[in-house]
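Spelled out from the first residue to the last, the chains are:
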Amino acid sequence: MKSSLRLLPLGAALALSFLPVPAMAAPAGHAAPSVAERDVMPHLRALQQIADRNGGNRAHGTRGYTESVAYVRHALDRAGFRTELRRFEADGRAGYNLIADWPGGDPRHVLLTGAHLDSVEQGPGINDNGSGSASVLAAALKVAEARLKPARHLRFAWWGAEEGGLFGSANYVDGLSAADRSAIDLYLNFDQTGSRNTRQWLVVQDGPGADEAAGQAFASWFAARGLATFDIGVGGSDNESFGKAGIPSSGFSTGISDCIHEACDNLANVDPATETTSTNALIGVVWQLAATTRP
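It should be emphasised that the depicted structure is a prediction, and the values quoted were computed from it without experimental measurement. Counting starts from 1 at the beginning of each chain's written sequence and moves along it residue by residue. Only residues with pLDDT of at least 70 get local features here, since the model is predicted, and only at 80 or more are side-chain atom pairs given and counted; chain-wide, interface and lining totals rely on the full set of residues. The side-chain numbers reported here are obtained from all heavy atoms of the structure, hydrogens and water having been left aside.

## Observations concerning the overall build of the protein chain
At step 1: Of the regular secondary structure elements, the protein chain holds eight helices and eight strands.
At step 2: A compact globule built from 295 residues would reach a C-alpha radius of gyration of about 19 Å, and the protein chain, at 17 Å, matches this within 12%.
At step 3: Projected onto its principal axes, the C-alpha coordinates of the protein chain cover approximately 45 × 40 × 40 Å.
At step 4: Each residue's exposure class comes from its accessible area (1.4 Å probe, protein chains only) as a fraction of the maximum for that residue type: buried when under 20%, exposed when over 50%, partly exposed otherwise. In the protein chain, buried positions account for 55% of the 295 residues. Under the DSSP-based scheme used, a helix requires at least four consecutive residues in state H or I and a strand at least two consecutive residues in state E, with every element numbered from the N terminus. Computation of the radius of gyration draws on C-alpha atoms, with the globule rule given as 2.2 Å multiplied by the number of residues to the power 0.38.

## What about the pattern of salt bridges?
At step 1: Put simply, a salt bridge is a Lys or Arg side-chain nitrogen that is within 4 Å of an Asp or Glu carboxyl oxygen. Taken as a whole and assessed by the stated rule, the structure comprises twelve salt bridges.
At step 2: One network of salt bridges, with partners in common, ties together Arg53, Arg63 and Glu67.

## Digging into the state of the cysteines
At step 1: The criterion for a disulfide is a pair of cysteine sulfur atoms lying within 2.5 Å. In this structure the tally under the stated criterion is one disulfide.
At step 2: Sulfur-sulfur distance for the disulfide between Cys259 and Cys264 comes to 2.1 Å. Across the S-S bond of Cys259 and Cys264 the torsion is about -110 degrees, and the bridge reads as left-handed.
At step 3: When its relative accessible area of 28% is taken as the criterion, Cys264 is described as partly exposed.

## Some words on the nonpolar core
At step 1: Working definition of a nonpolar core: buried Ala, Val, Leu, Ile, Met, Phe, Trp, Tyr and Cys residues. They are joined through side-chain atoms within 4.5 Å. In this structure, Leu76, Trp158 and Leu188 are the most contacted members of the largest nonpolar core, which totals 58 residues.
At step 2: Examining the composition of this core, we find that eleven residues originate from one element, helix H3 (residues 126-146), more than from any other.
At step 3: Every residue in contact with Trp158, bar those within four places of it in the chain, is listed here: Tyr65, Val72, Leu76, Tyr96, Asn97, Leu98, Ala100, Ala115, Leu117, Ser133, Val136 and Leu137.
At step 4: Ala157, Trp159, Ala183 and Ile247 belong to the second-largest nonpolar core, a separate cluster that totals 13 residues. Here, two residues are considered to be in contact whenever any of their heavy atoms come within 4.5 Å of each other.

## Topic: the environment of Gly125
At step 1: As for its placement among the helices and strands, Gly125 is situated in the loop between strand S3 (106-116) and H3.
At step 2: With 80 residues separating them in the primary sequence, Gly125 and Gln205 have C-alpha atoms 26 Å apart.
At step 3: Those residues in contact with Gly125, other than ones at most four positions away along the chain, are Arg58, Ser119, Gly130 and Asp265.

## Some details on the sheet that holds strand S2 (residues 93-102)
At step 1: Here we have eight strands laid out as an open sheet, ordered S1-S2-S4-S3-S5-S8-S6-S7, and mixed in their pairing. If you trace the sheet from one side to the other, it starts and ends with strand S1 (82-90) and strand S7 (228-232), each paired once. Neighbouring strand axes in the sheet, compared pairwise and without regard to direction, differ in orientation by 20 degrees on average.
At step 2: Inspection of the sheet shows S2 paired to strand S4 (residues 152-159) by five bridges, in the antiparallel sense. From the neighbouring strand, Leu98 faces S4, where its bridge partner is Trp158.
At step 3: In the packing of helix H6 (residues 212-223) onto the sheet, contacts are made with strand S5 (184-190), strand S6 (200-204), S7 and strand S8 (249-253), and the angle to S8 comes to roughly 30 degrees.
At step 4: The sheet contacts of helix H8 (residues 272-290) involve S3, S4, S5, S6 and S8, and relative to S3 the element is tilted by about 170 degrees. Pairs of strands are assigned from DSSP output, requiring at least two bridges between the strands. Structural elements are reduced to axes, namely lines fitted to C-alpha atoms, with helices fitted over the stretch in contact, and the angle between N-to-C directions of any two is expressed from 0 to 180 degrees.

## Considering the packing of aromatic side chains
At step 1: By convention, a stacked pair of Phe, Tyr or Trp rings (six-membered ring in the case of Trp) has centres within 6.5 Å and planes under 30 degrees apart, an edge-to-face pair has planes over 60 apart, and any other such pair is tilted. Scanning the entire structure with this criterion turns up 13 aromatic pairs.
At step 2: Three or more aromatic residues joined by ring pairs form one cluster here, namely Phe190, Trp201, Phe218, Trp221, Phe222 and Phe252.
At step 3: Directly above the ring of Trp221 sits Arg225, whose terminal nitrogen or CZ lies 3.7 Å from the centroid. In this scheme, Lys NZ or Arg CZ marks a charge over a ring once it lies within 6 Å of the ring centre and within 35 degrees of the ring normal.

## Regarding unusual backbone geometry
At step 1: Between Asp128 and Asn129 the backbone carries a cis peptide bond, its omega angle lying at 10 degrees.
At step 2: Counting through the fold element by element, Asn129 comes out in helix H3.
At step 3: A positive phi angle is found at Arg147, which is not glycine, with a value near 50 degrees.

## Some remarks on the pairing of S5
At step 1: The element S5 is largely enclosed, with a buried count of seven among its seven residues.
At step 2: Here S3 pairs with S5 via five bridges, running parallel. In the sheet register, Leu112 faces S5, and the bridge partner there is Tyr187.
At step 3: Pairing geometry for S5 and S8, over four bridges, is parallel. In the strand pairing of S8, Leu188 is matched with Ser250.

Next up, the structure:
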């Protein structure tokens, strides 16, 4: 059911500029596009500005969170996604998951890519997890810019209330019908993608619930560029909600950053080069996995 949450004024400071849509759609399987810092960092600056004018945070149940959702949704709506807000309750407050579907692809084979959008109350959460949210948004906008024609159906999500206990993603999974649950081939999660002093990317491909093939696709992407990875399990972020439901998952993190859950988790706590590399890894593997419905 569509939520009645209205879009809040974004202001000139949050204005986005989009490249023109190409005349020809790109079939899945073609070389993945790439992004530069200028494609990713404006989203983080926008989230910082939202936190600045809303008590310094973007936490579940606050105006800072609803403005964050409105910002992401506005960008997706302009790009041609079908978006939906799904309301839930957690800790006595209303929360919202934002779901965005790209038209096309086999609905029996869904590739779902997500990140949590909320911060803690103690700070703006720009690395945790504005960085993951910005990477997923930049990837979705690249799909739209290319007018990609994937074999799998592509869905993107921004979860609410992760910080309090994975409430948003758990609510989404619990609300799926058996058929909708079985249609999700794979969930990819991104939590903290721009940590400073990153020496290796922590790739989900170890233990129960981890999708080894997707994890290897990420590891191979980084290895081809001389970047180190380390295998981790499913637990600790929204992957866990999907793992409990038997839905395979992967994704990666750049690890626990400085200023985790503190006021100093601001724009200065994100390394633009790391954030850009993470976003390009996300795009590269999504492009690869979108090209086929085979495992």
